[in-house]
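# Tertiary structure, described
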Amino acid sequence: MKALVYSQECLWRLMILIVTLLVLWSNAVTANNDGPRVALVVGNADYAQIGALDNPENDASLIGSVLEVAGFEVTYLFNATQSELEAAIVELGRTLRARGPETTGLFYFAGHGVQSRGKNFLMPVDAALSDEAELDLVGVQADVVLRQMGSAKNRTNIVILDACRNNPFADVQGMDANGLAKMNPSPGTFLSYATGPGDVALDGLGQNSPFTAALAAEMQRPGQAIEKVFREVRIRVVEETRGIQTPWDTSLLTSDFVFSEEGAIPDAEALLWAEVRDTDNVRDIVRFLRNHPTGRHAADARVRLNQTIRVASAEPSRALRLQGVTPDLRERNLFLQALQSGSRQDFETYLLAFPNGVYAELVNLELEAMR
């Protein structure tokens, strides 16, 4: 009998030990996402010499707001000069070193980025270039970001570059390479490009680039590992751009990371409709209809589109923020018919009648997507 009691006592102690270990392991896993979170979010759009961009400020604002909800302490930097961008990157490194090894660091950049001789450069808004040899003096090497973040020896660093919109220095000798080159991050780093090395990313027709719009939606999905977040982003962008753009990433992470632990999965259509339902920009409404042609807000979107076109016709100064030309009734009707049918023939009919019409750019984009 004593032996039986002894065995039961040992079994009970063993069970307590197992439960204790499981609790400790669970706490360790949870702590993997409980450390400080620090982010620097940059949106450069108002370039003085190399061509302004439409969306980087919107992109940075969107990503920053999502990161704040995810528990990041976000520093925003808009339309930064070279000195401002360099100072902010240095400050990010100092902050990460001060916060300790359990900190998660994140750097996001939307704007012009170029490569030269295998090196990537993020372009400040005051950049001007007449010779490739000047690039080190006017740009900020992306490797500086990796070095500053890596110097903290913290657990997790994330670098996201939506910075391959086009090559603003295509006419400068030796600067004919598109996109960005591959980089070699240090262990503990996740590195993401909006498109593959050497390729060009789209700035987008609406308020956000295709890459950033997809990223903001996927980051909010609860419990989704970072690797899956960016895999889903890649799928969404490839579908939206009809294969023109394929995001690319590389991971040297040594621990798990999720952006969002809690909250409901967002409704992508509802989020996009909330962005465009009050807009007077026909491009945003067309983008919504392209993504959700049969969605529950599609009918409302077509009503909004018709209203926008009608208002633009009555007010030439607001003519769809395109060419400043007011369309006549026949042109508007042909365009609406093409949008509603989605037929290549209807789009081509519009172009035959109005090759330089108010909507010609949009129609050409639709036809290019079909091809």
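Below you will find a few notes about this structure. (Residues numbered from 1 in each chain as written. Predicted model: local features only at pLDDT ≥ 70, side-chain atom pairs only at ≥ 80, totals over all residues. Heavy atoms only, no water.)

### Some details on the overall build of the chain
Basically, it comes down to this: Counting from the N terminus, the helices are DSSP H or I runs at least four residues long and the strands are E runs at least two residues long. With a 1.4 Å probe rolled over the protein chains alone, any residue whose accessible area is under 20% of its type maximum counts as buried; one over 50% counts as exposed, and the rest are partly exposed. We call two residues in contact when some of their heavy atoms are within 4.5 Å.
Counting secondary structure elements, the chain contains 13 helices and nine strands. Within the chain, the proportion of its 371 residues that are buried is 49%. Sequence-distant contacts, at least 24 apart, represent 68% of the contacts inside the chain between residues at least 6 apart.

### Regarding helix H9 (residues 282-291)
The buried fraction of H9 amounts to eight of the ten residues, a majority that puts the element mostly inside the structure. Along H9, the residues that are buried comprise Val282, Arg283, Asp284, Ile285, Val286, Arg287, Phe288 and Leu289.

### Some details on the packing of helix H2 (residues 56-69) against helix H6 (residues 210-219)
Selection criterion: Lines fitted to C-alpha atoms define the axes here, with helix axes fitted over just the stretch in contact, and angles between the N-to-C directions of these axes take values from 0 to 180 degrees. Angular relationships are summarised with four words: roughly parallel below 35 degrees, roughly antiparallel beyond 145, roughly perpendicular across 65 to 115, and oblique for the angles in between. Amino acids outside the nonpolar list (Ala, Val, Leu, Ile, Met, Phe, Trp, Tyr, Cys, Pro) and the charged list (Asp, Glu, Lys, Arg) are all regarded as polar, and Gly is one of them.
One can describe the packing of H2 onto H6 by two numbers: an axis separation of 10 Å at closest approach and a directional angle of 10°. The angle between the axes of H2 and H6 places the two elements in the roughly parallel class. Residues Asp59, Leu62, Ile63, Val66 and Leu67 of H2 lie in contact with H6, whose contacting residues are Thr212, Ala213, Leu215, Ala216 and Met219. Residues that form the contact of H2 with H6 fall into these classes: eight nonpolar, one polar and one charged.

### Details of the sheet that holds strand E1 (residues 37-43)
Rule in force here: Here a strand pair is declared whenever DSSP counts at least two bridges between the two strands.
What the six strands build is an open sheet, ordered E2-E1-E3-E7-E8-E9; its pairing is mixed. Edge positions in the open sheet fall to strand E2 (73-78) and strand E9 (248-251), since each of these has one partner strand only. Direction aside, neighbouring strands of the sheet carry axes that sit 10° apart on average. Where strand E7 (residues 156-162) and strand E8 (residues 189-193) come together, five bridges link them in parallel fashion. Bridging across to E8, Asn157 finds its partner in Thr189. The strands that helix H5 (residues 142-150) touches are strand E3 (104-110), E7 and E8; relative to E7, the one it contacts most, it runs at about 165°.

### A look at the sheet that holds strand E5 (residues 119-122)
The strands that make up a sheet pair up through hydrogen bonds in the backbone, lying either parallel or antiparallel. Here three strands make up an open sheet; going across it, the order is E4-E5-E6 and the pairing antiparallel. Edge positions in the open sheet fall to strand E4 (113-116) and strand E6 (140-141), since each of these has one partner strand only. Of the strand pairs in this sheet, E4 and E5 are connected by four bridges, and their pairing is antiparallel. In the sheet register, Ser116 faces E5, and the bridge partner there is Lys119.

### What about the pairing of E4?
Both faces of the sheet carry side chains from a regular strand, because those side chains alternate between them. Neither face of E4 is left uncovered, since the one carrying Gly113 and Gln115 and the one carrying Val114 and Ser116 both have all their residues buried. What sits between E4 and E5 in their antiparallel hairpin is a turn of two residues, with Arg117 showing a positive phi close to 55°.

### Thoughts on unusual backbone geometry
Of note, Asn79 is a non-glycine position whose phi angle comes to about 50°, a positive value. With respect to the secondary-structure elements, Asn79 resides in the loop between E2 and helix H3 (82-99). In the Ramachandran plot, Lys153 falls in the positive-phi region, its phi being about 50° despite a non-glycine side chain.

### Things to note about the pairing of E5
Pairing analysis gives two bridges linking E5 to E6, with the strands arranged antiparallel. Bridging across to E6, Leu122 finds its partner in Val140.

### Things to note about the packing of H3 against H5
Rules: The handedness criterion is simple: a crossing whose near helix is rotated anticlockwise from the far helix by less than a right angle is left-handed, and one whose near helix is rotated clockwise is right-handed.
With their axes 8 Å apart at the nearest point, H3 and H5 run at an angle of 20° to one another. By the criterion of interaxial angle, the relationship of H3 to H5 is roughly parallel. With respect to the hand of their crossing, H3 and H5 are arranged in right-handed fashion. Taking contact as the criterion, the partners of Ile89, Val90, Leu92, Gly93, Arg94, Leu96 and Arg97 in H3 are, on H5, Val144, Val145, Gln148 and Met149. Grouping the amino acids of the contact of H3 with H5 by side-chain chemistry returns seven nonpolar, two polar and two charged.

### Some words on H2
Applicable threshold: By this rule, a helix spans an expected 1.5 Å times one less than how many residues it contains. By arc we mean the arc of the directions from the helix axis to the C-beta atoms, nothing more.
An ideal rise of 1.5 Å per residue puts 20 Å on 14 residues; H2 measures up with 20 Å between its terminal C-alpha atoms. Within H2, burial applies to Pro56, Asp59, Ala60, Ile63, Gly64, Val66 and Leu67. Projection of H2 onto a plane perpendicular to its axis shows the buried side chains occupying an angular sector of 165°, all on one side. For H2, the secondary structure elements touched by its buried residues are E1, E2, E3, E7 and H6. Of the residues flanking the end of H2, it is Gly71, one or two places downstream, whose phi is positive at about 95°.

### Some words on the packing of aromatic side chains
In plain terms, the rule: Pairing of aromatic side chains here covers Phe, Tyr and the six-membered ring of Trp, requires ring centres within 6.5 Å, and sorts the geometry by plane angle: under 30 degrees stacked, over 60 edge-to-face, intermediate tilted.
A full pass over the atoms with the stated rule returns seven aromatic pairs. Centre to centre, the rings of Tyr350 and Phe354 are 5.7 Å apart; their planes meet at 35°, and the pair counts as tilted. The class for Tyr350 is buried, based on a relative accessible area of 0%. Taken together, the ring pairs connect Phe72, Phe257 and Phe259 into an aromatic cluster.

### Some thoughts on the nonpolar core
A general tendency of soluble globular proteins is for nonpolar side chains to be buried together. Here is the rule: Here, nonpolar core refers to any group of buried Ala, Val, Leu, Ile, Met, Phe, Trp, Tyr and Cys residues whose side-chain atoms link them within 4.5 Å.
Ranked by size, the top nonpolar core spans 37 residues in total, and within it Leu85, Phe107, Phe109, Leu122, Met123 and Leu161 carry the most contacts. Sorting the residues of this core by element identifies E1, H3, E3, E5, helix H4 (135-138), H5, E7 and E8 as the ones contributing at least two each. Every residue in contact with Leu85, bar those within four places of it in the chain, is listed here: Val42, Leu77, Ala80, Phe109, Leu122 and Val140. Membership of the second largest hydrophobic core comes to 29 residues, among which are Val41, Ile63, Ala214 and Leu253.

### What about the pattern of salt bridges?
Test applied: Just to be clear on terms, a salt bridge is a Lys or Arg side-chain nitrogen sitting within 4 Å of an Asp or Glu carboxyl oxygen.
Throughout the structure, instances matching the rule amount to eight salt bridges. For Glu102, the salt bridge identified is with Arg155, shortest N-O distance 2.4 Å. You can see Glu102 sitting in the loop between H3 and E3 and its partner Arg155 sitting in the loop between H5 and E7, a full 53 residues away along the chain. The class for Glu102 is partly exposed, based on a relative accessible area of 42%. A residue is classified by how much of its surface remains accessible, and Arg155, at 13% relative accessible area, is buried. In this structure, the salt-bridge partner of Asp249 is Arg234, at a minimum N-O distance of 2.9 Å. Taken together, the positions of Asp249 in strand E9 and Arg234 in helix H7 (residues 226-240) put the pair 15 residues apart, joining distant regions of the chain. You can call Arg234 partly exposed: its relative accessible area is 24%.

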